[in-house]
Amino acid sequence: MPALKYLSAYSEQTQQQVSLLLAQNKLGEVLLKRYSKAHDVRTDKALYNYVQDLREEHLRNAEPINKVEYDSKIHVINHALGLHTSISRVQGGKLKAKHEIRVATMFKEVPLEFLRMIAVHELAHVKEKQHDKPFYKLCTYMEPNYHQYEFDLRLYLTHLDTGSGKLWT
């Protein structure tokens, strides 16, 4: 069985099922059946509006997000699909934080569910800094199918890792 680096935390049975799909050249087909088309959030402005809408819907009392953009410097190789940064500085007598979210450019051409999963993940970092139980609870509050979308995204990354081409354009 080939090394499935994006699925290493999953059970042996799950990894075997994915390996079988890879051997039969059917992993892409399975993903295309589940997610038929890519989203149309292609510009930084559209991404900013999309993330702000999610924040307004689920995290109204959270600190504002100052910048959201696609970033071509983020690579899956660095184990990052998106980044949340918080820059704190003193203005007058107050400490102000500036929050930025950057999403890997590869997410311009994926289903909306994958983009939503990444956006929800990075938004959750505004309230919860660590990847712990409260963090994932917040993620599933904002997107009940969070874990399924994360798994399917890992399948897609595995598909790409085998040298297969993009599924959505």
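Heads up: the structure comes first, above all this text.
**Details of the overall build of the chain**
Point 1. Within the chain one finds six helices and three strands.
Point 2. When the helices and strands of the chain are listed from N to C terminus, the series reads α-α-α-β-β-β-α-α-α.
Point 3. Sorting the 169 residues of the chain into buried and exposed places 44% on the buried side.
Point 4. A separation threshold of at least 6 residues defines the contact pool for the chain, and within that pool the share at least 24 residues apart is 62%.
Point 5. In the structure as shown, the chain presents an accessible area of about 9900 Å², 49% of it carried by carbon and sulfur atoms.

**Here's the deal with helix α6 (residues 146-161)**
Point 1. Under the 1.5 Å per step criterion, the end-to-end length of α6 is 22 Å for 16 residues, consistent within 8% with the ideal 22 Å.
Point 2. Every buried residue belonging to α6 is among Tyr146, Tyr149, Glu150, Phe151, Asp152, Leu153, Leu155, Tyr156, Leu157, Thr158 and His159, and all of these are buried.
Point 3. Residues of α6 that are buried make contact with α1 (12-23), α2 (27-34), α4 (112-127) and α5 (133-142).
Point 4. Remark: Gly163 follows α6 within two positions and exhibits a positive phi of approximately 90°.

**Overview of unusual backbone geometry**
Point 1. A positive phi angle, near 60°, is found at Asn25, a position not held by glycine.
Point 2. If you trace the backbone, Asn25 turns up in the loop between α1 and α2.

**Brief notes about the packing of aromatic side chains**
Point 1. A full pass over the atoms with the stated rule returns eight aromatic pairs.
Point 2. Ring geometry for Phe135 against Tyr136: centres 5.0 Å apart, planes inclined by 85°, an arrangement best described as edge-to-face.
Point 3. Through successive ring pairs, a cluster of aromatic residues spans Tyr35, Phe114, Tyr149, Tyr156 and Trp168.

**Notes on the packing of helix α3 (residues 44-58) against α4**
Point 1. The contact between α3 and α4 brings their axes to 10 Å, and the two run at 60°. It follows from the interaxial angle that α3 and α4 lie oblique. In terms of crossing hand, the pair formed by α3 and α4 is right-handed. Residue-level inspection shows Leu47, Tyr50, Val51, Leu54, Arg55 and His58 of α3 in contact with α4, the latter providing Leu112, Leu115, Arg116, Ala119, Val120 and Leu123.
Point 2. Looking at the contact of α3 with α4 residue by residue, the classes come out as nine nonpolar, one polar and two charged.

Scoring rules and cut-offs
- Residues numbered from 1 in each chain as written.
- Predicted model: local features only at pLDDT ≥ 70, side-chain atom pairs only at ≥ 80, totals over all residues.
- Heavy atoms only, no water.
- Helix = DSSP H or I, 4+ residues; strand = E, 2+ residues; numbered from the N terminus.
- Buried < 20%, exposed > 50% of the residue type's maximum accessible area, 1.4 Å probe, protein only.
- Contact = heavy atoms within 4.5 Å.
- Areas by Shrake-Rupley, 256 points an atom, 1.4 Å probe, with all protein chains shown as cover.
- Expected span 1.5 Å × (residues − 1).
- Phe/Tyr/Trp six-rings, centres within 6.5 Å; stacked < 30°, edge-to-face > 60°.
- Axes fitted to C-alpha atoms, helices over the stretch in contact; angles between N-to-C directions.
- Parallel < 35°, antiparallel > 145°, perpendicular 65-115°, else oblique.
- Left-handed = near helix turned anticlockwise from the far one by under 90°.
- Nonpolar A, V, L, I, M, F, W, Y, C, P; charged D, E, K, R; others polar.

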